[in-house]
Amino acid sequence: MTKQLPTKPEDTAAGSAVPSGYKNSNLTAAKSNKNDEFYTQWPAIEREMNAYLEYNPDVFRDKVILLPCDDPEWSNFAKFFALHFTDYGIKKLISTSYAADSKPSDLPYEPTLFEVEDPKFDADKTRSHGKKFVLEAKDVNGDGVVNIDDLQWEYLEGDGDFRSAEVTALRDEADIVITNPPFSLFRKFVAWLVEGNVKFSIIGANNATTYKEIFPLIQENKMWLGKGFAKGDAYFRIPESAQNTYAAGVYDPETQLVHFRNANWFTNIEHGRRHEPLKLMTMEDNLRFSRHKEIKELGYRKYDNYDAIEVPKVDAIPSDYDGMMGVPVTFLDRYNPDQFEILFNADDMEQTKQWGVEPLGEKRVADYYAAGGTGGNSKGHRKLFLYSPRPWVPYKRIVIRRKVTS
Ligand SMILES: C[S@@+](CC[C@H](N)C(=O)[O-])C[C@H]1O[C@@H](n2cnc3c(N)ncnc32)[C@H](O)[C@@H]1O
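Conventions and cut-offs
- Residues numbered from 1 in each chain as written.
- Predicted model: local features only at pLDDT ≥ 70, side-chain atom pairs only at ≥ 80, totals over all residues.
- Helix = DSSP H or I, 4+ residues; strand = E, 2+ residues; numbered from the N terminus.
- Rg over C-alpha atoms; globule rule 2.2 N^0.38 Å.
- Buried ≥ 20, exposed ≤ 12 C-beta atoms within 10 Å, placed from the backbone.
- Arc of directions from axis to C-beta.
- Near = placed C-beta within 6 Å.
- Nonpolar A, V, L, I, M, F, W, Y, C, P; charged D, E, K, R; others polar.
- Pairing = 2+ DSSP bridges.
- Domains from an automatic or database assignment.
- Contact = placed C-beta atoms within 7 Å.
- Core = buried A, V, L, I, M, F, W, Y, C linked by C-beta atoms within 7 Å.
- Right-handed = clockwise from strand over helix to strand, strands pointing away.
- Axes fitted to C-alpha atoms, helices over the stretch in contact; angles between N-to-C directions.
- Parallel < 35°, antiparallel > 145°, perpendicular 65-115°, else oblique.
- Left-handed = near helix turned anticlockwise from the far one by under 90°.

## As for the overall build of the chain
Helix and strand content of the chain: 13 helices and 16 strands. Against the globule reference of 22 Å for 406 residues, the chain gives a C-alpha radius of gyration of 24 Å, in line with a compact fold. Taking the principal axes of its C-alpha atoms as reference, the chain extends roughly 75 × 50 × 40 Å. Buried residues in the chain amount to 39% of all 406 residues.

Structure, rendered in structure tokens:
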């Protein structure tokens, strides 16, 4: 079964993939419920942060780190960074949580003993306000170490929405923002990060790479994919109330985790994998030795309406071709900016227009319908087309070109 990170209302409205991880009967409910409660596992955080540290051991040194959309009482991000506060040399760690009353109403809420036993506890605010937790290089409880027990907390003025003035002020104080943001607000969250001009590392759905608002950032090397989840397998803890939303094989009752194959880290922090060149064969060698039948049999075909070659698999990109190449979106996972440049997203008709992709035209539309096509192709359709295996079905590709090194 394909396991998909649920695509949320904001994203679904913009036409992204249907979340196949849901049981069909619950799909609509899951979408309208804004199912945003997915808790990140410690090993996933550790793996990603280690990739940044391997590249730059001082990446977190003297930095203010903000973890919004979090909650150290329940989630691993604050625990992880509090544990590493001293060895990473962090200057200040701030975590903010989102108010229970602002979350879907079917989520049970119980304040922790930590909060209830604190003199600051307020029986009303605990539900309606977000909280802010701060750790600085101060051994507040005098036990000889600075760790999670030294976290200071207070209620926020509002509900902890990342877009609020007070959380935005924390963003402006921060050097780095790290979290797994609500999937339903991914685009808005990225826009908020970009506006704040901060370093960031966040989790999102793979298909976000081609969103209109996200792709240009990747294109301009303002954002890239992180090291990613081990073998592409992402696991999240979910609330009990959401467990029956998932089909068997996605939610495992034993581990109480959901398993997605389409989640990834998005970041603007350097890591080594981004600079590893893709190991590729020349076009000639591919044509002789490729393990892909279509390359051996069909070669590298030029699109009918654009001067670029169709490359059906990332490992079949020819190392010595200087022209434009249409490659699968999964290329982004292996994209090395020293090796290639990303020109445009061939699935985005504004971009294909800018890049001079020829529209389908009446003749091809007629071919398409004559061959039994039912997809509503129009003569103005500007994507990348080949006649076979099916006439004029667009290829979902991004167009790249080899970087010429002087
Ligand atoms: C995907 S969960 C991740 C939780 C935690 N950061 C983790 O990774 O374990 C996103 C969290 O953001 C909260 N949230 C939803 N909308 C929010 C908003 N507008 N502002 C801040 N947090 C929000 C959700 O309630 C949820 O707890």
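Back to the text.
## Regarding helix 8 (residues 186–196)
Buried within helix 8 we find Phe186, Phe189, Val190, Trp192 and Leu193. Along the axis of helix 8, the buried residues cluster in a sector spanning 155°; they form a single face. Two residues or fewer past helix 8, Asn197 is found with a positive phi of approximately 55°.

## Thoughts on the site of the ligand
Every one of the 20 residues lining the ligand counts as a neighbour, but Thr40, Cys69, Ser75, Tyr98 and Asn180 are closest to it. Residue assignment for the shell around the ligand shows that the elements contributing at least two residues are strand 1 (39–40) and helix 4 (76–83). Taken together, the residues that form the shell around the ligand break down as nine nonpolar, six polar and five charged.

## Describing the sheet that holds strand 9 (residues 234–237)
Pairing in this open sheet of four strands is antiparallel, and the strands run 1-9-11-10 from one edge to the other. Across the chains shown, the open sheet's two edge strands, defined by having one partner strand only, are strand 1 and strand 10 (251–252). Inspection of the sheet shows strand 9 paired to strand 11 (residues 257–260) by four bridges, in the antiparallel sense. Paired with Phe236 across the strands is Val258, a residue of strand 11.

## Comments concerning the environment of Gly299
As for its position among the elements, Gly299 is in the loop between helix 11 (293–298) and strand 13 (308–310). Take Gly299: there are 13 C-beta atoms within 10 Å of it, and that puts it in the partly exposed class. The sequence separation of Gly299 and Asp172 amounts to 127 residues, and the corresponding C-alpha distance is 52 Å.

## Looking at the domain arrangement of the chain
You can read the domains of the chain as domain 1 (9–274) and domain 2 (283–402). Distance from the C-alpha centre of domain 1 to the C-alpha centre of domain 2: 36 Å. With eleven residues of domain 1 in contact, the opposing surface of domain 2 contributes ten residues. Mapped by element, the contributors of at least two residues to the side of domain 1 that touches domain 2 are helix 9 (215–219) and strand 8 (224–225). A total of three residues in the side of domain 1 that touches domain 2 trace back to one element, the largest contributor, which is helix 9. A class-by-class count of the residues in the side of domain 1 that touches domain 2 yields four nonpolar, five polar and two charged.

## As for the nonpolar core
Ranked by size, the top nonpolar core spans 88 residues in total, and within it Ile65, Leu67, Phe81, Leu93 and Phe189 carry the most contacts. Built from parts of two domains, this core gets at least three residues from each of domain 1 (9–274) and domain 2 (283–402). Contact partners of Leu67, with chain neighbours within four places excluded, come to Phe77, Ala78, Phe81, Ile94, Ser95, Ile178 and Thr179.

## Some thoughts on unusual backbone geometry
Geometrically, the link from Ser388 to Pro389 is a cis peptide bond, its omega value of 5° lying close to zero. Its place among the elements puts Pro389 in the loop between helix 13 (361–370) and strand 16 (398–402).

## Focus: the pairing of strand 6 (residues 176–179)
Every second residue of strand 6 is oriented toward a common face, with Ile176 and Ile178 on one face and Val177 and Thr179 on the other, all of them buried. Note that strand 2 (residues 64–67) and strand 6 share two bridges and pair parallel. Directly across from Ile65, in strand 6, lies its bridge partner Ile176. Judged from the four bridges that link them, strand 6 and strand 7 (residues 199–205) form a sheet pairing that is parallel. Counterpart to Ile176 in the pairing with strand 7 is Lys199. Running through helix 8, the crossover from strand 6 to the neighbouring parallel element strand 7 is right-handed.

## Brief notes about the sheet that holds strand 2
Pairing between the strands of a sheet comes from backbone hydrogen bonds, and it takes one of two forms, parallel or antiparallel. Strand order in the open sheet made by the eight strands is 5-4-3-2-6-7-12-8, with mixed pairing throughout. At either end of the open sheet lies a strand with only one pairing partner, and these are strand 5 (152–155) and strand 8. Relative to strand 4 (residues 131–136), strand 3 (residues 92–96) is paired through five bridges, and the arrangement is antiparallel. Along strand 4, the bridge assignment pairs Thr96 with Lys132.

## Points about the packing of helix 3 (residues 42–55) against helix 4
Pairs of packed helices are described in terms of their axes, by the angle between the two and the distance that separates them. Contact pair helix 3 / helix 4: the axes reach a minimum separation of 10 Å and the direction vectors enclose 50°. Classified by the angle between their axes, helix 3 and helix 4 sit oblique to one another. Seen from above, helix 3 lies across helix 4 with right-handed handedness. Contacts from Trp42, Ile45 and Glu46 of helix 3 reach helix 4 at Asn76, Phe77 and Phe80. Within the contact of helix 3 with helix 4, the residues separate by chemical class into four nonpolar, one polar and one charged.

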